[in-house]
Amino acid sequence: MHGSIAIREDFSAGDLRKLARRENNGRVALRLTAIAAVLEGASRKDAAARSGMDRQTLCDWVHRFNAQGPEGLRDAPCGHPKKRLTAEQQAAVKAHVLKAPDPEKDGLVRWRCVDIQRWIEAEYKVRYHERTIGKLLHALNLRHISTRPFHPKSDVEVQADFKKIFAARITEILPEHAVGKHLEIWVQDEARVGQKGTLTYVWGEKGTRPRAVRDQRYECAYIFGAVCPARGVGAALVMPFANTHAMNEHLIEISSQVEEGAHAIVIIDGAGWHTTKSLKTPANISLLQLPPYSPELNPQENIWQYLRQNALANRAYENYEAIVTACCTAWNDLIDLPETITSIANREWFQCVSS
């Protein structure tokens, strides 16, 4: 008997000190040491003081120790277990996020973590910390990624049909002299680059908005660019204007890059200088026009996005010559990365074309 409360005797002072040495929780280790000291003959007041507690607190832990053994010296969980979303509710959250907000109804054009947090709490009465929302979205295989261009007049069904009948369309436009030849799929487009430049994402501290150079003048040049995803090659010209003359020159440049003995199918959009009767198409090229309002079907759009994000954004140009130099450098650097071209511009529906 030690003082007014007897301490169970199935654990010796040595046993408790061994447990204290192996314990990862410092507070539990102090409680074990205090009870061990009492078992070794120390007064409860002195044992409590050595472990940073008062005598009454030590008595409370002795009661817990007598009832539950060493496990009784652990702190009880505070409050109720936090409610979490079920698998079915998580699937509903993912569908809600992918649906995107309605600007008229929600007053937003994109979801923020705090918006998703509030929606979950209102819908399921589950409270997540705002920082945890990002972890939840990552667990649902969602990422904050840039969007592809989508014209409000585009027709999704027409675009799907274009992919399905892609091979048949090529057969229709293929000239007789190209039948039986190896076919190369090329994608073509133009990009305006100039002093009224583009801003892009940069790394910065949370809560700040870093500044980046953006010239307000309007002098510009146009990159006429085309790539062949299968081969990882491209052909481009930098021109002062986007017109039929520039397009004719670009077709000549593309023609020079087509493999000898092959025939190129060049996918283009419906720009006026792509469809004019004044266009002079080289013999080793056939032009295939995309459906109206379908920039997402043209992988060359993704090439422009890559160049802007990695070489042509956040810049000011002294004059037209500087713009041309920057365009040429950016394109030549891309051409040195054939695997990157293939990765960005290749599409599964290109593979249906047999050569």
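Residues numbered from 1 in each chain as written. Predicted model: local features only at pLDDT ≥ 70, side-chain atom pairs only at ≥ 80, totals over all residues. Heavy atoms only, no water.

> I'm lost on the pattern of salt bridges in this one. Help?
Side chains that carry opposite charge are capable of pairing whenever their charged atoms lie near each other. For the structure shown, the criterion picks out 11 salt bridges. The salt bridge involving Asp115 is made with Arg112; its shortest N-O contact spans 2.8 Å. Judged by relative accessible area, which is 38%, Arg112 ranks as partly exposed. Here Glu259 makes a salt bridge to Arg231, at a shortest N to O gap of 3.9 Å. You can see Glu259 sitting in the loop between helix H11 (244-257) and strand E4 (262-268) and its partner Arg231 sitting in the loop between strand E2 (220-228) and strand E3 (233-239), a full 28 residues away along the chain. We classify Glu259 as partly exposed; its relative accessible area is 40%. Taking relative accessible area as the criterion, Arg231 reaches 29% and is therefore assigned partly exposed. What you see here is one network of salt bridges that share partners, running through Glu23, Glu71 and Arg74. (Salt bridge = Lys/Arg side-chain N within 4 Å of Asp/Glu carboxyl O. Buried < 20%, exposed > 50% of the residue type's maximum accessible area, 1.4 Å probe, protein only. Helix = DSSP H or I, 4+ residues; strand = E, 2+ residues; numbered from the N terminus.)

> For this particular structure, what's the right way to read the packing of helix H13 (residues 300-312) against helix H14 (residues 320-335)?
Each pair of packed helices can be summarised by the angle the axes make with each other and by the distance between the axes. Packing of H13 against H14 leaves a shortest axis separation of 10 Å and a crossing angle of 115°. The angle between H13 and H14 places the two elements in the roughly perpendicular class. Crossing geometry of H13 relative to H14 is assigned as right-handed. For the pair H13 and H14, the contacting residues are Gln300, Ile303, Trp304, Tyr306, Leu307, Ala311 and Leu312 in the first and Ala326, Cys327, Ala330, Trp331 and Leu334 in the second. Of the residues belonging to the contact of H13 with H14, the class tally is 11 nonpolar, 1 polar and no charged. (Axes fitted to C-alpha atoms, helices over the stretch in contact; angles between N-to-C directions. Parallel < 35°, antiparallel > 145°, perpendicular 65-115°, else oblique. Left-handed = near helix turned anticlockwise from the far one by under 90°. Contact = heavy atoms within 4.5 Å. Nonpolar A, V, L, I, M, F, W, Y, C, P; charged D, E, K, R; others polar.)

> Before we go on, may I ask you to explain unusual backbone geometry in this structure?
If a residue is not glycine, its phi is most likely negative; likewise, a peptide bond is most likely trans. One non-glycine residue with positive phi stands out, namely Ala100, at about 75°. Relative to the helices and strands, Ala100 resides in the loop between helix H5 (87-99) and helix H6 (103-106). The phi dihedral of Lys125 is positive, around 60°, even though this residue is not glycine. Looking at where Lys125 falls in the secondary structure, it is placed in the loop between helix H7 (113-124) and helix H8 (130-139). Judged by relative accessible area, Lys125 falls into the exposed class, the value being 64%.

> In this structure, what is going on with the side chain of Glu184? I would like to understand it.
Topologically, Glu184 is positioned in strand E1 (residues 182-194). Only 3.1 Å separates the side chain of Glu184 from the side chain of Arg231, close enough to count as a polar contact. Beyond its immediate chain neighbours, meaning those up to four positions away, Glu184 contacts Cys228, Arg231, Val258, Glu259, Ala262, His263, Ala264 and Ile265. (Polar contact = N/O pair within 3.5 Å; in protein donor to acceptor, adjacent residues only side chain to side chain.)

> Is there a simple way to explain the sheet that holds E2 in this structure?
In a beta sheet, neighbouring strands are held together by backbone hydrogen bonds and run either parallel or antiparallel to one another. What the 5 strands build is an open sheet, ordered E3-E2-E1-E4-E5; its pairing is mixed. Since the sheet does not close on itself, it has two edges, and those belong to E3 and strand E5 (285-289), each with one partner. Here the strands of the sheet are splayed against their neighbours by 25° on average, with no regard to which way each runs. One ladder, built from 5 bridges, connects E4 with E5; its direction is parallel. Looking at the pairing, Val266 lines up with Leu287 of E5. Lying over the sheet, H11 contacts E1, E2, E3, E4 and E5, oriented at roughly 155° with respect to E3. (Pairing = 2+ DSSP bridges.)

> I would appreciate a short explanation of the nonpolar core in the present structure.
Inside soluble globular proteins, nonpolar side chains tend to come together where they are buried. Judged by nonpolar contacts, the single largest core of 35 residues is most densely connected at Phe166, Ile170, Ile185, Ile303, Leu307, Leu312 and Trp331. Looking at this core, the elements with two or more residues in it are helix H10 (166-173), E1, E2, E4, H13, H14 and helix H15 (338-345). When residues of this core are assigned to their parent elements, the largest contribution, 6 residues, is made by H14. Ignoring anything within four residues of it in the chain, the contact list for Trp331 reads Ile223, Gly225, Ala226, Val227, Gly234, Ala235, Ala236, Gln300, Ile303, Trp304 and Leu307. By size, the runner-up hydrophobic cluster in this structure holds 23 residues, among which are Ile5, Ala47, Ala48 and Trp61. (Core = buried A, V, L, I, M, F, W, Y, C linked by side-chain atoms within 4.5 Å.)

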